[in-house]
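An overview of the molecular structure
Here is what each chain is made of, one letter per residue.
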Amino acid sequence: MEVRERMKESRRKRPGSRLLLGIALFAGIITSMCGGALLAVFALDLLGVASPPVRLGVKAIAMAAALPAGFYLVERAFLARSSATRKTPWP
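Residues numbered from 1 in each chain as written. Predicted model: local features only at pLDDT ≥ 70, side-chain atom pairs only at ≥ 80, totals over all residues. Heavy atoms only, no water.

**Details of the pattern of salt bridges**
Scanning the model with the defined rule gives 1 salt bridge in all. Put simply, D45 and R55 hold a salt bridge, and the shortest N to O gap is 3.0 Å. Pair noted here: D45 is in helix α2 (residues 17-47) and R55 is in helix α3 (residues 52-85), with a separation of 10 residues, a long-range link. Of the residues examined, D45 reaches a relative accessible area of 48% and is grouped as partly exposed. (Salt bridge = Lys/Arg side-chain N within 4 Å of Asp/Glu carboxyl O. Helix = DSSP H or I, 4+ residues; strand = E, 2+ residues; numbered from the N terminus. Buried < 20%, exposed > 50% of the residue type's maximum accessible area, 1.4 Å probe, protein only.)

Below, the structure is given as structure tokens:
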């Protein structure tokens with residue numbers, strides 16, 4: 001009986017955690033897309049590429065490649081947040 005009570009307590013979601021996760025994911029998406037675009041522009045300037053279609057294509061690829069990094073960082077932050085607040089370890 002006591003174990004069930006502890007498990008229910010540890011599974012309980014904190015208020016606002018879903019909203020906070022949604023906001024963090026949105027901010028992570030925007031930040032990673034902007035970061036990918038800035039890195040692509042910087043790399044293309046270093047390489048001396050002047051063709052607009054090539055620049056646009058490389059920028060789109062870099063933005064798409066940066067999205068998983070944004071999701072990963074947000075996920076790691078929320079996992080660290082949830083494990084830091086858990087008071088009792090899983091049995």
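Past the structure itself, the notes keep going.
**A short note on α2**
In a regular helix each residue adds 1.5 Å, so 31 residues correspond to 45 Å; α2 covers 44 Å between its end C-alpha atoms and thus fits that length. Among all positions of α2, only S17, G28, S32, G36, A37, A40 and L44 are buried. Remark: G48 follows α2 within two positions and exhibits a positive phi of approximately 80°. (Expected span 1.5 Å × (residues − 1).)

**Considerations on the environment of M63**
Among the structural elements, M63 can be located in helix α3. Residue classification places M63 among the partly exposed positions, given a relative accessible area of 22%. The sequence separation of M63 and G36 amounts to 27 residues, and the corresponding C-alpha distance is 4.5 Å.

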